[in-house]
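The chain contents come next:
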Amino acid sequence: MYISDFYTRLNTIGAQPCHRERITRAWLQGKSLEYGPRKQLAADFFPLRVRHELPAISNELNQLAQLHTEHPAHDGSARLLIRLHDGQMVESVLLPRDGVCVSTQVGCA
């Protein structure tokens, strides 16, 4: 799925630019769509048709890539093997929020 396909799908169900922006941001950040801007309930922010179609769209997006295996390391990082919807695999590395200590000394500065 291309981002243009995603936006076209949202346009088709009546999402306005502010809705598309909110949905895209939430999806990319892995956040819930329960609330809109300023803690406004989704029911008060998204049009009814958008609210009804979001679970199906969310399911499609979740199927694009799925975690196949995870290999944590002692430094807090983790190697991930991700299976894409077309069966191909991608390797990715998650780094800890504070970064990875690469010093050979005890403790990092």
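The structure under discussion appears in the preceding block.
In this text, all values refer to a predicted model and were calculated from it rather than measured experimentally.

Cut-offs used in this document
- Residues numbered from 1 in each chain as written.
- Predicted model: local features only at pLDDT ≥ 70, side-chain atom pairs only at ≥ 80, totals over all residues.
- Heavy atoms only, no water.
- Helix = DSSP H or I, 4+ residues; strand = E, 2+ residues; numbered from the N terminus.
- Buried < 20%, exposed > 50% of the residue type's maximum accessible area, 1.4 Å probe, protein only.
- Contact = heavy atoms within 4.5 Å.
- Areas by Shrake-Rupley, 256 points an atom, 1.4 Å probe, with all protein chains shown as cover.
- Salt bridge = Lys/Arg side-chain N within 4 Å of Asp/Glu carboxyl O.
- Phe/Tyr/Trp six-rings, centres within 6.5 Å; stacked < 30°, edge-to-face > 60°.
- Axes fitted to C-alpha atoms, helices over the stretch in contact; angles between N-to-C directions.
- Parallel < 35°, antiparallel > 145°, perpendicular 65-115°, else oblique.
- Left-handed = near helix turned anticlockwise from the far one by under 90°.
- Nonpolar A, V, L, I, M, F, W, Y, C, P; charged D, E, K, R; others polar.

J.: Please provide a residue-by-residue account of the overall build of the protein chain, values included.
T.: The helix and strand tally for the protein chain stands at four helices and three strands. Relative to its 109 residues, the protein chain shows a buried fraction of 20%. Pairs at least 24 apart in sequence give 24% of the contacts found in the protein chain among residues at least 6 apart. Looking at the protein chain as shown, the accessible area adds up to about 8,200 Å², and 53% of this sits on carbon and sulfur atoms.

J.: Before we move on, could you go through the pattern of salt bridges and cite the residues and values that matter?
T.: One pass over the structure, following the stated rule, counts three salt bridges. The partner of Glu60 in a salt bridge is Arg9, with the nearest N and O atoms 2.5 Å apart. One end of the pair, Glu60, is in helix α4 (residues 48-64); the other, Arg9, is in helix α1 (residues 3-12), with 51 residues separating them in the sequence. A salt bridge links Glu91 to Arg79, with the nearest nitrogen and oxygen atoms 2.9 Å apart. Pair noted here: Glu91 is in strand β3 (residues 89-94) and Arg79 is in strand β2 (residues 78-84), with a separation of twelve residues, a long-range link. Given a relative accessible area of 43%, Arg79 falls into the partly exposed group.

J.: Would you mind going over the packing of aromatic side chains in detail, with residue names and values included?
T.: Using the criterion set out here, one finds three aromatic pairs in the structure. Judged by centre distance (6.2 Å) and plane angle (35°), the ring pair of Phe6 and Trp27 falls under tilted. With Phe6 in helix α1 and Trp27 in helix α2 (residues 17-29), the pair connects residues that are 21 residues apart, well separated along the chain. Given a relative accessible area of 3%, Phe6 falls into the buried group. Where Phe45 meets Phe46, the ring centres are 5.0 Å apart and the plane angle is 70°; that geometry is what we call edge-to-face. These aromatic residues form a ring-pair network of at least three members: Phe6, Tyr7 and Trp27.

J.: Any details on the packing of α1 against α2? Residues and values, ideally.
T.: Running from N to C, α1 and α2 cross one another at 130°; their axes reach a closest spacing of 10 Å. Looking at the two axes, α1 sits oblique to α2. In this structure, α1 crosses over α2, and the sense of that crossing is right-handed. Packed against α1, whose contacting residues are Phe6, Tyr7, Leu10 and Asn11, the element α2 presents Arg20, Ile23 and Thr24 at the interface. The residue makeup of the contact of α1 with α2, split by class, is four nonpolar, two polar and one charged.

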